[in-house]
Amino acid sequence: MLVAEILKDKGDAVYAIGPDLPLTEACSELDRLRVGALMVCDGDKVVGVLSERDVVKAVAGDGQAALARPVSAYMTREVIFAAPGETVAILMGRMTDRRIRHLPVLRDGRLSGVISIGDVVKCQIAEATQEAESLRTYIAG
């Protein structure tokens, strides 16, 4: 399955914040939206990703003071992207190699969605289930 197909099924909603937002407000957004990461955008440009892991690292390193500092102080700056034409297998490899759980998707240079590790797992389960059902039908018929 391709990234474009996953986004077609799940939707292209992207939750983004600005780099100057205080970390405490970003935490509130993560909680309110029930997501594990937010894209950090400066205008139309993705400048980072803030994940739950980044928040834990910030608080572990700087304590409560981290919560008043801007997201830009703690976000992951090296953003790894996905493209609509890439396969789930490619994404799984990239996510595993880089130890990341969220990939923003760029289409024609613009942010068009986010794929999470949960989306990838869901896709893999659906494909395995369909393959098993096809085999059962083939054997029975």
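Each chain has its residues counted from 1, running along the sequence as written. In keeping with the model being predicted, local features are shown solely for residues with a pLDDT of at least 70 and side-chain atom pairs are shown and tallied solely at 80 or more, while totals for entire chains, interfaces and linings include all residues. Where side-chain values are given, they derive from all heavy atoms of the structure, hydrogens and water being excluded.

(A) Representation of the overall build of the protein in the model. By definition, any uninterrupted DSSP run of H or I lasting at least four residues is a helix, any uninterrupted run of E lasting at least two residues is a strand, and each is numbered from the N terminus. The secondary structure content of the protein amounts to five helices and five strands. Listed N to C, the secondary structure of the protein is α-β-α-β-β-α-α-β-β-α in terms of helices and strands. Viewed in the frame of its principal axes, the protein has a C-alpha envelope of about 65 × 30 × 25 Å. Going through the 141 residues of the protein one by one, you find that 34% of them count as buried. Taking as baseline every contact in the protein between residues at least 6 positions apart, the subset at least 24 positions apart corresponds to 53%. Put simply, the protein shows about 8,600 Å² of open surface, and 53% of that area lies on carbon and sulfur atoms. The sign given to each residue is positive for Lys and Arg and negative for Asp and Glu; His and the chain ends receive no count. One atom stands in for each charge, and that atom is NZ of Lys, CZ of Arg, CG of Asp or CD of Glu. A gap of 3 Å separates the mean positions of the 17 positive and 20 negative side-chain charges of the protein. Type-normalised accessible area, obtained with a 1.4 Å probe on protein chains alone, sets the label of each residue: buried when under 20%, exposed when over 50%, and partly exposed for intermediate values. In what follows, a contact means two residues having at least one pair of non-hydrogen atoms within 4.5 Å. Accessibility throughout is a Shrake-Rupley quantity obtained with a 1.4 Å probe, and a residue counts as covered only by protein chains that appear here.

(B) Quick peek at the pattern of salt bridges. Every case where a carboxyl oxygen of Asp or Glu lies within 4 Å of a side-chain nitrogen of Lys or Arg is listed as a salt bridge. Taken as a whole and assessed by the stated rule, the structure comprises seven salt bridges. Its salt-bridge partner being Asp-62, residue Arg-69 comes within 3.1 Å of it at the nearest N-O pair. Residue classification places Asp-62 among the partly exposed residues on the basis of a relative accessible area of 37%. With a closest N to O distance of 3.0 Å, Glu-78 and Arg-98 form a salt bridge.

(C) Up close: the pairing of strand β3 (residues 45-51). Most of β3 sits out of view: five of its seven residues are buried. The pairing criterion is simple: DSSP has to find at least two bridges between the two strands. Note that strand β2 (residues 37-42) and β3 share six bridges and pair antiparallel. Bridging across to β3, Ala-37 finds its partner in Ser-51. The antiparallel pairing of β2 with β3 creates a hairpin that spans two residues between the two strands, and Gly-43 there sits at a positive phi of about 70 degrees.

(D) Molecular detail of a nonpolar patch on the surface. Here, patches come from residues exposed beyond 30% relative accessible area and free of salt bridges, joined within 9 Å for like charges and within 5 Å for nonpolar side chains (Val, Leu, Ile, Met, Phe, Trp, Tyr). Where nonpolar side chains cluster on the molecular surface, the patch consists of Ile-117, Val-121 and Ile-125 and spans about 250 Å² of accessible area. On the secondary structure map, Ile-117 appears in helix α5 (residues 117-140).

(E) Focus on the nonpolar core. Counting residues in each nonpolar core, the largest one holds 14 residues, and the members touching the most others are Ile-17, Leu-23, Val-40, Leu-50 and Val-71. Elements with a contribution of two residues or more to this core: α2 (23-33), β2 and α3 (52-62). It is α2 that contributes the most residues to this core, four residues altogether. Residue contacts for Val-71: discarding those within four places in its chain leaves Ile-17, Gly-18, Pro-19, Leu-21, Pro-22, Leu-23, Ala-26, Val-40 and Leu-50. As used in this record, nonpolar core signifies buried Ala, Val, Leu, Ile, Met, Phe, Trp, Tyr and Cys residues forming a set joined through side-chain atoms within 4.5 Å. With 13 residues, the next largest nonpolar core counts Val-3, Leu-7, Leu-91 and Ile-115 among its residues.

(F) A look at the side chain of Asp-54. Secondary-structure assignment places Asp-54 in helix α3. Buried charge without a salt bridge: Asp-54, with Lys-57 as the nearest opposite-charge side chain at an N-O distance of 6.4 Å. By the criterion applied in these results, polar contacts are pairs of N or O atoms within 3.5 Å in which, for protein atoms, one can donate a hydrogen and the other can accept it, and in which residues neighboring in sequence qualify only through two side-chain atoms. A polar contact of 3.0 Å, which involves the side chain of Asp-54, links it to the side chain of Thr-76. If near-sequence neighbours (up to four positions away) are discounted, Asp-54 is found in contact with Val-49, Tyr-74, Met-75 and Thr-76.

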